[in-house]
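Per-entry structural report
Residue strings, one per chain:
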Amino acid sequence: MPAYEPWDAARGAEIIAEHACLEGATLVMLHALQQTFGYVPEPAIPMIASALNLSRAEVHGVFTFYHDFRHEPAGRHVLKLCRAEACQAAGGDALAARAEARLGIALGNTTADERTTLEPIYCLGLCATAPSAMLDGRLVGRLDEARIDALLAEAQR
Amino acid sequence: MSLRIFVSRDAGAVAVGADEVALALQRAAGSRGADIEIVRTGSRGLYWQEPMIEVATPKGRVAFGPVMESDAVSVLDAMMSGGAHPLLLGIADEIPWLKRQTRLTFARCGVIDPRSVEDYRAHDGYKGLERALTLGPDAILADVTASGLRGRGGAGFPTGIKWKTVAQTSADRKYIVCNADEGDSGTFADRMIMEGDPFVVIEGMTIAGIAVGASKGYIYIRSEYPHAVAAMNAAIAAARRAGYLGARLGGSAHSFDLEVRVGAGAYVCGEETSLLESLEGRRGIVRAKPPLPAHKGLFGKPTVINNVLSFAAIPFILAGGAKAYADFGIGRSRGTMPIQLAGNIKRGGLFEVAFGITLGELVDDVGGGTFTGRPVRAVQVGGPLGAYFPRELFDTPFDYEAFAARDGLIGHGGIVVFDDSVDMSKQARFAMEFCAIESCGKCTPCRIGSTRGVETIDKIRAGERVAENIAVVEDLCNTMKFGSLCALGGFTPYPVMSALKHFREDFGPAPTRLQAAE
């Protein structure tokens, strides 16, 4: 389980300044902020804009275009289930339904106790050991009912 | 004497327990007082045997697989005694599935330590660059053209022509961009080579830089591939330390350096102009062409943008292999293609072979049919934008033109196998749904058409005016195909139309029965 820092404007400014000299730095900054804080806090958007001489709207546009960036913290654990074709062919649909039923939430949501975020992901590149998932950055392949149940138990801790 | 044991660090092997096996081997060796050295390699690509581990012997490397954590003790004993074991696969290079392949691009993958420049050099690495430095740009371009290499990302554009265009365009700066946004389901060759032999990608990009006069390159890797990002970053640092990147590389007058950039979960960024936008720090909105990236690419400068596998094919070609490369293949598809067998398949993995092998040979013979043991009903070739092929088309040879002639595409070489439990109207719906989720929004037929497609297929699945709604879907596909700038909107019709054409019975009740119900 990753540990994140609480949002701090000075720390945010430091992270932004660290990458300001790169060509086309917007995504790099957004990634770095999310890695530190677990999401991209709203006050960081105008800070990136001013560091890169962009409009706030432009940075907001980039931030919202990409699936990866969060505008609020995720649950304590993030379980991503691959929902692409190779995993579908190997029984991924039933496992996704099982995960949704066990957690009582649909894919793309966080449980009320904020312990588990369940998300779809479109391909982890583990298509020959499908179905696959990623729990807090750890990859798991050849999922079956027993394995998904173990992952779910871990994700609810 | 120390026993050298090779355990894959490939994400696909790690996902099925390779790290745990490596630790268990270490523990088992400790308790026996055995002296072992564990080398973490890439994967050989026999994923049904992963975690596959190998031990160096005087006869060659001997493989075991699939080795679970609980097998570590007995496998170590068998390795030390040279005795029999139920998981013994024999000499790795002699495993028929591997021996049948023509591994030019993947020759070192699974063999070498991907973090070691020395190991790479000991296995013919950097020979292409060394020769390229003596040849100069014109002769490099001639070699790439002579090899017949076509872009391995899917479009199949001749690499030599692309590079020549950039070389002939004058500018104060030029860029080399590697497209490692391998988003197609069923494909993992880019990931494997980046994790298993990252230096071959670096070497290929460096040669491209010398050929066209570029000194900076970017590798854009999708965020879903953290292991590949780590492997590429480690390899770039190692190449720099060894003098193969940076100023006066390899003792020459050239300078070239690389940087890894990480995507953020947008499938459309695998499209080259969208990728360039993303690299520039913007929304991944597709650009209209012309201008071509070769003329105005990254930051408006002439840019070579190629897939990982295209760059990875270059070192072999430049090491004097242009003719040998071109001698493989059929028609206008020259060389080898790293084909990826995935989904519901018995023997899934990476199979590099000359163009021309048939789909049936790949699925039935090489892949061994389905993992579930049920009959193969459909295969999707070329990712989410590729057509679904029924068994009747299994005689199609793996070749860009042959697949196009049958309303399909080979794309990035991924084959996803489905058994007879598949509902093809559901797969067609998913193709539209995926397009709706991933559309960048620039072209109306893709942005809106995909959502209308989902709704219309839902109506068909509910048995609502099936014939009329199928006509609507066909019309929609036609509009998307011709009215979208890039392959996302333009090719989503392939899976939809092929499902309709070859698996019509899955789309709602037959029209006559429906009329009776009304």
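Residues numbered from 1 in each chain as written. Chains lettered and ligands numbered in written order. Predicted model: local features only at pLDDT ≥ 70, side-chain atom pairs only at ≥ 80, totals over all residues.

Concerning the overall build of chain B
For chain B, the count of helices and strands is 22 helices and 16 strands. Here the C-alpha atoms of chain B give a radius of gyration of 24 Å, agreeing with the 24 Å that 2.2 N^0.38 yields for 518 residues. Taken over the C-alpha atoms alone, chain B extends approximately 80 × 60 × 40 Å along its principal axes. Residues classed as buried in chain B amount to 58% of the 518 residues present. Put simply, of all contacts in chain B between residues at least 6 apart along the chain, 73% involve residues at least 24 apart. (Helix = DSSP H or I, 4+ residues; strand = E, 2+ residues; numbered from the N terminus. Rg over C-alpha atoms; globule rule 2.2 N^0.38 Å. Buried ≥ 20, exposed ≤ 12 C-beta atoms within 10 Å, placed from the backbone. Contact = placed C-beta atoms within 7 Å.)

Side note on helix 8 (residues 159-168) of chain B
Side chains of residues three or four places apart in an α-helix project in the same direction, reflecting 3.6 residues per turn. All names here are of chain B. With respect to burial, helix 8 is a largely interior element, 7 of its 10 residues being buried. What helix 8 keeps buried is the set Thr159, Gly160, Lys162, Trp163, Lys164, Val166 and Ala167. If you follow the buried residues of helix 8, they end up packed against helix 7 (137-147), helix 10 (198-212), strand 9 (303-307) and helix 13 (308-327).

Focus: the pairing of strand 7 (residues 216-221) of chain B
On any regular strand, side chains alternate: one points to one face of the sheet, the next to the other face. All names here are of chain B. The element strand 7 is largely enclosed, with a buried count of 5 among its 6 residues. Where strand 6 (residues 175-180) meets strand 7, 6 bridges bridge the pair, whose relative direction is parallel. From the neighbouring strand, alanine 180 faces strand 7, where its bridge partner is isoleucine 221. With helix 11 (residues 226-241) bridging strand 7 and the parallel strand 8 (residues 257-262), this β-α-β connection has right-handed handedness. (Pairing = 2+ DSSP bridges. Right-handed = clockwise from strand over helix to strand, strands pointing away.)

Quick notes on the domain arrangement of chain B
A common way to report how large an interface is uses the accessible area buried once the components associate. Residues and elements named next belong to chain B. Here chain B is partitioned into domain 1 (3-99), domain 2 (117-327), domain 3 (333-419) and domain 4 (424-511). Distance from the C-alpha centre of domain 2 to the C-alpha centre of domain 3: 26 Å. Opposite the 20 residues of domain 2 that make contact, domain 3 presents 19 residues. In terms of residue count, helix 13 provides more of the side of domain 2 that touches domain 3 than any other element does, 4 residues in total. Looking at side-chain class alone, the side of domain 2 that touches domain 3 contains 8 nonpolar, 8 polar and 4 charged residues. (Domains from an automatic or database assignment. Nonpolar A, V, L, I, M, F, W, Y, C, P; charged D, E, K, R; others polar.)

Considering the domain arrangement of chain A
Partitioning chain A into structural domains gives domain 1 (9-65) and domain 2 (77-155). Relative placement of domain 1 of chain A and domain 2 of chain A: their C-alpha centres are 30 Å apart.

Examining the nonpolar core
Residue and element names in this part refer to chain B. Within the largest apolar cluster, 222 residues are counted, with the highest numbers of intra-cluster contacts made by Val177, Ile193, Val201, Ala208, Val379 and Ile415. Sort the elements by how many residues they give to this core and helix 13 lands first, with 12 residues. Every residue in contact with valine 177, bar those within four places of it in the chain, is listed here: Gly217, Tyr218, Tyr220, Leu276, Leu279, Leu298, Thr303, Val304 and Ile305. (Core = buried A, V, L, I, M, F, W, Y, C linked by C-beta atoms within 7 Å.)

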